[in-house]
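Okay, here's what each chain looks like letter by letter:
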Amino acid sequence: MSRSTRRRARVTLSIAVMAVVGATACTAEQPPPPTLRVDRGTVATTVSASGTLVAITQQNLGFPQGGKLKDVLVGVGTKVEAGQELARLDDFALQQTLEQRKAGLAQQQAQLDKIRNGNSIGAAQATLDQSKNILDATEDSVEATNNANYSATDRAQKQLDFDRNSLDLAEDRLDDDKKACGSRSSKPSDNGHDDKAATKNEGQSTSTGLLGTAPAAQPPPTTPPPNPACERITADKQAVEDAKRVVLSSQTALDAAKERENVDEASGRLSIENAKQSIVSAQNELDGAGSDKPADTSAQEAAVRDAEAQVALAQRDVDNTVLRAPIAGVVSVINGAKGEFVAAASGTTAMAPGSSAALPEVAASGGAGGGGPSPAPGAGTFMVLNNIDSFQLVVPFEESDASRVAPNQRVEVTVDAVPDLRADATVLAIAPSGNSGTGVVRYYATIVLTEHDDRLHDGQTALANVMVQAVDNVLRVPSAVTRTDAGRLVVDLRGPDGAPIPTPFQAGLVGDEFTEVVSGLTEGQELVLPQGPSTS
């Protein structure tokens, strides 16, 4: 909790107490103890930093780290809402790194537990068992993948055999029809017998004509019927060509299935070997388990903190592969398409992370580029939002606070010139590296207000309270009315006679102003506030 936030919480509670006491100060009777009630709301812890409001006319968006574009979910001219996903990078490698960091953290935590509990053998055995489970799961996964690939290859082989058989049948039909067509064309006329009969009849007609009788009528010559085999040859040739193309396609599919089978088998073997190596390491740790020195605890705690920091960084890298709209706007520029590689967000001047605003110190000194010309809109950035009627705030956080700030966290912004204003905002981005221009390492974060207020103006001093941890719609009590008694948190409930009744409760998140109630209290119960000295 920052000092300014704690001070605000104490002032808020003091005002509430004085308001209740003041309401009864002029009465003759002793005023009742001031009370509040257990209610529902948000419990949050915050870190704070101050900066200067900058009016937004153009919002440059980009990824803190470069990578391959997996999806571009909007187009130029698309109207987007605050929080809407705009694009995603391929996060496979980063996810694997995150899993590795989590595994490393688990190992370090197990080692710490072993030292603290004095059960080094048990902790090492648990790590070994987990490594064996991972190996079993890896082998099952590899076996399932290989079986699926074997099945796919077998299906592709059967399909190829079937298509080749179909090609053979088509070629056989073509050969049969060619033979049938050729034999029909060279075969003697089936009307040979009829020709002889016609010649004989012709002789008879002539001889009969000599006797003076009328000649007999001659039958017209007959045309042989078309040969169906010849007519099918064209279709048979087309069928053969189609069958050849199908065979070629099936052969290609079979080759691809075999290639996938080989690649997955190699990848599976590597995964299994890595899992086996983890077992070897865990087994060595178990074999070497023994008495630990007290100094090992401090060293191992430092190792756990380092592993936690590595996990946090890896998680942030994964989260940063999703680009979201900080506020509503219209997409005016997109520099990249799906499948292309984009670089990390950058510019020719020292810009605020994920924003088109310059860092305050650099802007005041004329820029890192010596006052050169500004880049064209959208230059060096992945996406640009325009027509944004809001403000942004570039604020520096100390190292301890910066590690808790992440994109898309909620922010409450207060402005010195408008004391009653509590503006909602969101963290757009935080610089991945520190700035030591003032002699103190600080990390700049860009915070964007999500709503417009006519009382806000460019250049106003503002305080950003970033909710680094928050839960909504939970039972809560003011943190200032809680106290610790015998290791438990206690509040004073108002009894039937008005006397305070100390009541322990189970707490969840302890925020700057409120503490979450998990159990022990119910909504609406009255809380007796701490009383100051009586006044007349």
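Up top you'll find the structure we're talking about.
Given the structure is predicted, the values throughout are model-derived calculations rather than measurements.

1. Some thoughts on the sheet that holds strand S6 (residues 322–324)
Stage number 1. As summarised here, the arrangement of the four strands in space is S6-S5-S3-S8, forming an open sheet in which the pairing is antiparallel. Since the sheet does not close on itself, it has two edges, and those belong to S6 and strand S8 (341–342), each with one partner.
Stage number 2. As defined by bridge partners, strand S3 (residues 67–72) adjoins strand S5 (residues 85–89) across three bridges and the pair is classed as antiparallel. Within S5, the position partnered with Asp71 by the bridge is Arg88.

2. Focus: the environment of Val474
Stage number 1. You can see Val474 is positioned in strand S13 (residues 461–478).
Stage number 2. Its relative accessible area of 13% is what places Val474 among the buried residues.
Stage number 3. Taking C-alpha positions, Val474 is 7.3 Å from Val517, a pair spaced 43 residues apart along the chain.
Stage number 4. Contacts of Val474, omitting those with residues within four sequence positions, involve Asp39, Arg40, Gly41, Val43 and Glu516.

3. Observations regarding the nonpolar core
Stage number 1. By size, the foremost hydrophobic cluster in this structure holds 26 residues, and its most contacted members are Phe397, Val413, Ile447 and Val466.
Stage number 2. Those elements that place two or more of their residues in this core are strand S2 (39–61), strand S9 (383–398), strand S10 (410–415), strand S11 (418–430), strand S12 (442–449) and S13.
Stage number 3. Looking at which element gives the most residues to this core, the answer is S11, with six residues.
Stage number 4. Residues Leu89, Leu323, Ile327 and Met383 belong to the second largest nonpolar core, which totals 20 residues.

4. A closer look at the packing of helix H2 (residues 92–117) against helix H6 (residues 295–319)
Stage number 1. At a closest axis distance of 8 Å, the pairing of H2 and H6 adopts a crossing angle of 160 degrees. In terms of orientation, H2 lies roughly antiparallel with respect to H6. The handedness of the crossing between H2 and H6 comes out as left-handed.
Stage number 2. In terms of residue class, the contact of H2 with H6 is made up of eleven nonpolar, nine polar and seven charged.

What counts and what doesn't
All chains use their own residue numbering, which begins from 1 and follows the written sequence. Per-residue local features are limited, in this predicted model, to residues with pLDDT of at least 70; the limit for side-chain atom pairs, both in listing and counting, is 80 or more; totals at the level of whole chains, interfaces and linings are taken over all residues. Only hydrogens and water are set aside; all other atoms, that is, all heavy atoms of the structure, feed into the side-chain values. At least two bridges found by DSSP between two strands are what make those strands a pair. To qualify as a helix, a DSSP run of H or I must reach at least 4 residues; to qualify as a strand, a run of E must reach at least 2; elements of each kind are numbered from the N terminus. The cut-offs for exposure are 20% and 50% of the maximum accessible area for each residue type, with area from a 1.4 Å probe on protein chains only; residues under the lower value are buried, those over the upper are exposed, and the others partly exposed. Contacts are assigned to residue pairs with any non-hydrogen atoms lying within 4.5 Å of each other. By convention a nonpolar core is built from buried Ala, Val, Leu, Ile, Met, Phe, Trp, Tyr and Cys residues, the set being connected through side-chain atoms within 4.5 Å. Convention adopted: a line fitted to C-alpha atoms gives each axis, helices being fitted over their contacting stretch, and angles between N-to-C directions are expressed from 0 to 180 degrees. Should an angle fall under 35 degrees it is called roughly parallel, over 145 degrees roughly antiparallel, and 65 to 115 degrees roughly perpendicular, with every other angle called oblique. By convention the crossing between two helices is left-handed if the near helix lies anticlockwise of the far one by an angle smaller than a right angle, and right-handed if it lies clockwise. Residues were grouped as follows: Ala, Val, Leu, Ile, Met, Phe, Trp, Tyr, Cys and Pro as nonpolar; Asp, Glu, Lys and Arg as charged; and all remaining residues, including Gly, as polar.

In short, shape yes, function no, at least from these values alone.
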